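# Notes for the structure review
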Amino acid sequence: MAEVRGRDTWTEELASLIEDAGVHYGGDPLDMGASSTTSFEVRRSVYAPQSESAEAGESLKEQAVGFVMAWCEILMELGRGFRDILRQNLMNEDSYVARKLRGPCAKVSKRLRFLNDFLPEDRDPLHAWSVVFFVFILALAAISVDPSREAVAPVVKVRKHPPSASRVLLPDGRYVAYHEQGVSAEAARFSLVAPHSFLSSRLAGLPGVKASLLEEYGIRLLTYDLPGFGESDPHPGRNLNSSAMDVLHLVNAVNVSDKFWLLCHSSGCIHAWASLRYIPERIAGAAMLAPMINPYDPHMTKEEMKRTWEKWLPRKKMMYSLARRFPKLLTFFYRKSFLPEKHDEIDKLLSFSPGKKDKLVIEEPAFQEFWQRDVEESVRQGNIRPFREEAVLQVSNWGFDLKELHVRKKCQTRGILLWLKSMYSQADCELVGFLGLTHIWQGLDDRVVPPSMMEYVDRVLPEAVIHNLPNEGHFSYFYFCDQCHRQIFATLFGTPQGPVERQEETAFEED
């Protein structure tokens, strides 16, 4: 009995649990048989009204919070369960994953062990390199954020437009769409034909050129859609020879009777090079702005090729490599880039890093509006194959070399009779190559067509006049530059003479 009395009674234990809750037992030890004599002293607290309201029931907010907390506890327990399963099955030394990765990880760890020499001696390498990797990821995420951009560029959807081009029928049954600017065919003093570049259309021409400037020089500007672009029919199996024939049939169909001039920019110049090679007798001259050449041209020196390729971003290099070796893989990249529902930035589409002047140009609202409309026309047909064909044409065998355009004498000396004749008289010789004028404007800050390409052109075509433009980029001398357009026309045509005046005969009736 003494042992039992030494312990706390149940009333004292109850009081210790309740502490100062406002209820105190004031009577003697409770006798189970005399419950009526038991008395409790109830002391009201200042918090009594609140406890009464709490007893009335929890509010809806408290119930919602309790529900969410209960679910969080359930999810935490579920996560712990998954963690234990992964530890037991995957991270265990006897697991399948551990057995497969143990060997390669050991080799990599052995090769990279020398990096531990850069760590403090009291640091665990695994813990230290984990921290380094985490900090590297945070730093990479931080520098990827451009603080100079005040706001995200608005999303512009690709629009569809009704057909608006004039078209001519070619001998093989295809239609070619074209667009005219400037004076009429009858009043034209000069005719300019402009093949467009990659991801462009007949709407490009000479971007931003003023109608008054074309009329001042009497220029008729003709632009056309390449096969499969814009509103022109596709041409399966096309090459640069067929491209030159398309130009010839087009100018004949639109009444260009005299020699005409070529105007091109960037990759559109591969079709101009082809025209100079295959139809030189119809061409008076060429104006080329940042003309593209084959980056795999076998006649380029190692130094020229090295300085060309080092200017390009890795993505652009990959695209050229795919176009040359695995062209079918371009379908995936081009479909994702060129046929979306929303416009993307030009530097991403063309895979280049614009220079200072190009940045200023492409950020102008006029350029953005013009570029988006041109791209919309380019992808009108929703077919990626023409883009793939165009990329392959740039990097494959053109069927001719640029040095073939070089003006040189070609004498008939084959055969014994001709050789004997050349010994006693002058052999029959003729000039071959392109005999017209070729003017090239090249920006020295061009990141799409590196200036080293023009060094190669200058070496194989010494008669071409190359105008090097300091601080100019790929677009800055071509898009929306009135002064540049005037300088180009002045270089090609000299003093402006206006349109050709039509001689009208007036009949006078004598009384």
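Going by the structure above, here's the rest.
Below, the structure is looked at part by part. Note that the coordinates shown come from a computational prediction; the quantities given were computed from them, not determined experimentally. (Residues numbered from 1 in each chain as written. Predicted model: local features only at pLDDT ≥ 70, side-chain atom pairs only at ≥ 80, totals over all residues. Heavy atoms only, no water.)

### With respect to the overall build of the chain
A count of helical and extended segments in the chain gives 19 helices and twelve strands. Evaluated residue by residue, the chain yields a buried proportion of 36% over its 511 residues. Sequence separation of at least 24 residues holds for 76% of the intrachain contacts in the chain that already meet a minimum separation of 6. Approximately 32600 Å² of the chain is accessible, and the part contributed by carbon and sulfur atoms is 56%. (Helix = DSSP H or I, 4+ residues; strand = E, 2+ residues; numbered from the N terminus. Buried < 20%, exposed > 50% of the residue type's maximum accessible area, 1.4 Å probe, protein only. Contact = heavy atoms within 4.5 Å. Areas by Shrake-Rupley, 256 points an atom, 1.4 Å probe, with all protein chains shown as cover.)

### What to know about helix 12 (residues 330–338)
Every buried residue of helix 12 is accounted for by Leu330, Thr331, Tyr334, Ser337 and Phe338. Axial view of helix 12: buried residues confined to an arc of 145°, hence all on one face. Those residues of helix 12 that are exposed and angled more than 90 degrees off the buried face are Phe332 and Lys336. At its buried positions, helix 12 is contacted by helix 11 (314–325), helix 13 (346–349) and helix 16 (385–395). (Arc of directions from axis to C-beta.)

### Examining the sheet that holds strand 6 (residues 219–224)
Spatial ordering of the open sheet is given by 3-4-6-5-7-8-11-12, a layout of eight strands whose pairing is mixed. Of all the strands in the sheet, the pair left with one neighbour each is strand 3 (166–169) and strand 12 (465–469). Sheet twist, expressed as the mean angle between neighbouring strand axes with direction ignored, is 25°. In this structure, strand 5 (residues 190–195) lies alongside strand 7 (residues 260–265), joined through two bridges in parallel fashion. If you follow Val193 over to strand 7, its bridge partner there is Leu262. Its contacts with the sheet place helix 9 (residues 269–278) against strand 5, strand 7, strand 8 (283–289) and strand 11 (437–443), and it is angled at close to 155° to strand 8. (Pairing = 2+ DSSP bridges. Axes fitted to C-alpha atoms, helices over the stretch in contact; angles between N-to-C directions.)

### Looking at the packing of helix 8 (residues 240–253) against helix 9
Where helix 8 contacts helix 9, the axes come no closer than 8 Å and their chain directions differ by 80°. When the axes of helix 8 and helix 9 are compared, the pair comes out roughly perpendicular. Where helix 8 abuts helix 9, its residues Leu240, Asn241, Ser243, Ala244, Met245 and Val247 lie against Ile270, His271, Ala274, Ser275 and Tyr278. (Parallel < 35°, antiparallel > 145°, perpendicular 65-115°, else oblique.)

### Some remarks on the state of the cysteines
This structure, assessed with the given rule, holds two disulfides. Each sulfur in the disulfide pair Cys264 and Cys269 lies 2.2 Å from the other. Sign of the S-S torsion, about 100° for the bond between Cys264 and Cys269, identifies this disulfide as right-handed. A relative accessible area of 1% means that Cys264 is categorised as buried. The disulfide partner of Cys481 is Cys484, and the gap between their sulfur atoms is 2.0 Å. Its S-S torsion of approximately 55° makes the covalent link between Cys481 and Cys484 right-handed. According to the relative accessible area criterion, Cys481 is buried, its value standing at 17%. (Disulfide = S-S within 2.5 Å.)

### Quick word on the environment of Leu221
One can find Leu221 in strand 6. For Leu221, a relative accessible area of 1% corresponds to the buried category. Taking C-alpha positions, Leu221 is 5.0 Å from Gln181, a pair spaced 40 residues apart along the chain. Excluding residues that lie within four positions of it along the chain, Leu221 makes contacts with His179, Glu180, Gln181, Leu192, Ala194, Leu206 and Leu263.

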